[in-house]
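Structural overview
The chain contents come next:
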Amino acid sequence: MTSGLRREISSAATGRPIQDVIQTDAAINPGNSGGPLLDSSGNLIGINTAIYSPSGASSGVGFSIPVDTVGGIVDQLVQFGKVTRPILGIKFAPDQSVEQLGVSGVLVLDAPPNGPAGKAGLQSTKRDTYGRLILGDIITSVNGKKVANGSDLYRILDQCKVGETVTVEVLRGDHVEKIPVVLEPKADES
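Residues numbered from 1 in each chain as written. Predicted model: local features only at pLDDT ≥ 70, side-chain atom pairs only at ≥ 80, totals over all residues. Heavy atoms only, no water.

Points about the pattern of salt bridges
All told, the structure shown has six salt bridges when counted by the stated rule. In this structure, Arg172 engages Asp137 in a salt bridge whose closest nitrogen and oxygen atoms are separated by 2.7 Å. Separated by 35 residues along the polypeptide, Arg172 in strand S13 (residues 165–172) and Asp137 in the loop between strand S10 (133–134) and strand S11 (138–142) bring together distant segments of the chain. For Arg172, a relative accessible area of 14% translates into the label buried. (Salt bridge = Lys/Arg side-chain N within 4 Å of Asp/Glu carboxyl O. Helix = DSSP H or I, 4+ residues; strand = E, 2+ residues; numbered from the N terminus. Buried < 20%, exposed > 50% of the residue type's maximum accessible area, 1.4 Å probe, protein only.)

Structure below.
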């Protein structure tokens, strides 16, 4: 039985948010991940992906990726033989660090010059000759969508495609800049 729609969970492997999952009370036993979630008419509505079980048993709350999301992934698998996810090519500070600064957004720790953000001119956090920290750019929006934290950034990028040019708005010092960035595939996906 479906008990909730449009839920969000975090990937155990990467910590990235997985959006719009279906919450189900159907038992998801070990080995069932990747299996179908069917409605009462036998129609595929999702792919089982995770279970939250306080007891560690197979009972608990299950989560499935909706079939509409799976469709886009299957198209990529057929076309490229793999799933390609677009990236900015940055390392960013933990959300708590940015909150301590009293700002909202994603602080760029590193934007390697050969990555998409580095090529576009996003600035990394660095130290001056005296060892003082000089903050890098703080990403506040992408394509006009507010970025308050790392999860927001992942959510927005998951809606984009490799090769797409996005407008990244950053707080640089005391002024705002809009920088076009061409998204690239993750290095292990090229």
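Points about unusual backbone geometry
Positive phi is not limited to glycine here, since Asn143 has a value of about 55 degrees. Looking at Asn143, the relative accessible area reads 35%, which means it is partly exposed.

A closer look at the nonpolar core
Among the nonpolar cores identified, the biggest contains 20 residues, and Leu88, Ile90, Leu122, Ile139 and Val168 are the most heavily contacted of them. Among the elements of the structure, strand S8 (106–110), S11, helix H4 (150–157), S13 and strand S14 (175–182) are those that each provide at least two residues to this core. Ignoring anything within four residues of it in the chain, the contact list for Val168 reads Leu88, Leu122, Ile139, Ser141, Val142, Glu177, Lys178, Ile179 and Val181. (Core = buried A, V, L, I, M, F, W, Y, C linked by side-chain atoms within 4.5 Å. Contact = heavy atoms within 4.5 Å.)

Considering a nonpolar patch on the surface
Where nonpolar side chains cluster on the molecular surface, the patch consists of Leu38, Leu44 and Val67 and spans about 230 Å² of accessible area. With respect to the helices and strands, the residue Leu44 is situated in strand S4 (residues 44–52). The partly exposed category is assigned to Leu44, whose relative accessible area is 40%. (Patch = residues over 30% accessible without salt bridge, like charges linked within 9 Å, V, L, I, M, F, W, Y side chains within 5 Å. Areas by Shrake-Rupley, 256 points an atom, 1.4 Å probe, with all protein chains shown as cover.)

Describing the pairing of S8
Pairing between strand S7 (residues 91–92) and S8: two bridges, direction antiparallel. When the bridges of S8 are listed, Phe92 appears paired with Val108. Strand direction decides the pairing type here: S8 and S11, joined by two bridges, are antiparallel. Counted as the bridge partner of Leu107 is Ile138 from S11. (Pairing = 2+ DSSP bridges.)

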